[in-house]
Amino acid sequence: MKKCRGRPKCPRRVEQTPNVTYFKPRGVPLSNLEVVSITVEELEALRLVDVEGLRQEDAAIRVGISRRAFWEDLKAARTKVALALTTGKAIEIKGGNYINPENADISEDADT
């Protein structure tokens, strides 16, 4: 278990939670693969910048965090996705500390 230093992460506003939570290379059973985990808020950072085309500053405002904190989430997500794609690992989307503004749910996973 990681030991937290500094301030705890504040919950991020996540507009879209994923319906699909696993991606894996074709033709390889999941039981034979290593898994890279991405949090829901890291996926939201990828979606806002790389799919919607927002600038990091504007995306950070929508998520409700500082630009630097947003950049760290985005950098972590991109690194994990690139690692999975280049080494043939599965990607699992789970956990995190986020709020869904539509129904005001707070989800917090102790594993992250």
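Numbering of residues starts from 1 in every chain and runs along the sequence as written. Only residues with pLDDT of 70 or above have their local features reported here, since the model is predicted, and side-chain atom pairs are shown and tallied only from 80 upward, although totals for entire chains, interfaces and linings are computed over all residues. Hydrogen atoms and water are omitted, and side-chain values are computed over all heavy atoms in the structure.

As recorded by an unreviewed UniProt entry, the protein carries the name UPF0251 protein AOB57_006975 and is attributed to Methanosarcina flavescens. UniProt positions are given in the numbering used here, feature names are shortened, and annotations may be inferred rather than shown by experiment. Its UniProt record gives the protein a comment under Sequence similarities (unreviewed entry), which states: "Belongs to the UPF0251 family."

A.B. asks: Teacher, can you tell me more about helix α3 (residues 67–87) here?
C.D. replies: Given 3.6 residues to a turn, an α-helix orients residues that are three or four positions apart in the same direction. The end-to-end C-alpha separation of α3 is 30 Å, in line with the 30 Å expected for 21 residues at 1.5 Å each. Along α3, the positions that sit buried rather than exposed are Ala69, Phe70, Asp73, Leu74, Ala77 and Ala84. Around the axis of α3, the buried residues are gathered within 135° of arc, so they sit on the same side. Every exposed residue of α3 that faces more than 90 degrees away from the buried side is listed here: Arg68 and Thr86. Any two residues having at least one pair of non-hydrogen atoms within 4.5 Å are treated as being in contact. Counting from the N terminus, the helices are the DSSP runs of H or I reaching at least four residues and the strands are the DSSP runs of E reaching at least two. Against the buried residues of α3 lie β1 (12–13), β3 (35–38), α1 (40–51), α2 (56–63) and β4 (90–93). A positive backbone phi angle near 70° is found at Gly88, which sits one or two residues after α3. A helix is expected to span 1.5 Å for every residue after the first. Each residue gets one of three labels from its accessible area relative to the maximum for its type: buried under 20%, exposed over 50%, partly exposed in between, using a 1.4 Å probe on protein chains only. Note that the arc is defined by the directions from the helix axis to the C-beta atoms.

A.B. asks: Would you mind showing me how to read the pairing of β4 here?
C.D. replies: For a regular strand, the rule is simple: side chains alternate between the two faces of the sheet. Here β4 shows two buried faces, one formed by Ala90 and Glu92 and the other by Ile91 and Ile93. Paired strands are those between which DSSP finds at least two bridges. In this sheet, β4 lies alongside β3 in parallel orientation, the contact comprising four bridges. Across the sheet, the residue bridging to Ile38 is Ile93, located in β4.

A.B. asks: Just to check I follow, could you spell out the packing of α1 against α3 for this structure?
C.D. replies: Geometrically, a packed helix pair is captured by the angle between its two axes and the distance between the axes. Only the contacting stretch of a helix is used when fitting its axis, a line to C-alpha atoms as for every element, and angles between N-to-C directions run 0 to 180 degrees. At their nearest, the axes of α1 and α3 sit 8 Å apart, and the two run at 95° to each other. By the angle between their axes, α1 is roughly perpendicular relative to α3. Residue-level inspection shows Glu41, Glu42, Ala45, Leu46, Leu48, Val49 and Asp50 of α1 in contact with α3, the latter providing Phe70, Asp73, Leu74, Ala76, Ala77, Arg78, Lys80 and Val81. In this count, Pro and Cys sit with the nonpolar residues alongside Ala, Val, Leu, Ile, Met, Phe, Trp and Tyr, while Asp, Glu, Lys and Arg are called charged and the others, Gly among them, polar. Of the residues in the contact of α1 with α3, the class split is nine nonpolar, no polar and six charged. With respect to orientation, any angle under 35 degrees is reported as roughly parallel, any angle over 145 as roughly antiparallel, any angle of 65 to 115 as roughly perpendicular, and every other angle as oblique.

A.B. asks: So what exactly am I meant to see when it comes to the side chain of Glu41 here?
C.D. replies: Note on placement: Glu41 falls in helix α1. Assessed through its relative accessible area of 4%, Glu41 is described here as buried. Residue contacts for Glu41: discarding those within four places in its chain leaves Lys9, Arg12, Val14, Asp73, Gly95, Gly96, Asn97 and Tyr98.

A.B. asks: Explanation requested: the nonpolar core in the structure shown.
C.D. replies: Among soluble globular proteins, nonpolar side chains are generally buried collectively. Ala45, Leu46, Leu48, Val49, Ala59, Ala60, Val63, Ile65, Ala69, Phe70, Leu74 and Ala77 form the largest nonpolar core, which has 12 residues in total. Listing elements by their share of this core, those giving two or more residues are α1, α2 and α3. With sequence-adjacent residues up to four places away left out, Leu74 is seen in contact with Ala45, Leu46, Val49 and Gln56. Residue types Ala, Val, Leu, Ile, Met, Phe, Trp, Tyr and Cys, when buried and joined through side-chain atoms within 4.5 Å, form a set referred to as a nonpolar core.

A.B. asks: Honestly, the sheet that holds β3 in this entry has me stumped. Any pointers?
C.D. replies: The strands that make up a sheet are held in pairs by hydrogen bonds between backbone atoms, and each pair lies either parallel or antiparallel. Read across the open sheet, the three strands follow the order β2-β4-β3; overall the sheet is mixed. Strands at the two margins of the open sheet, each flanked by one partner only, are β2 (22–23) and β3. Against the sheet, α1 touches β3 and β4, its axis set at about 75° to β3. Relative to the sheet, α3 contacts β3 and β4, its axis offset from that of β3 by approximately 160°.

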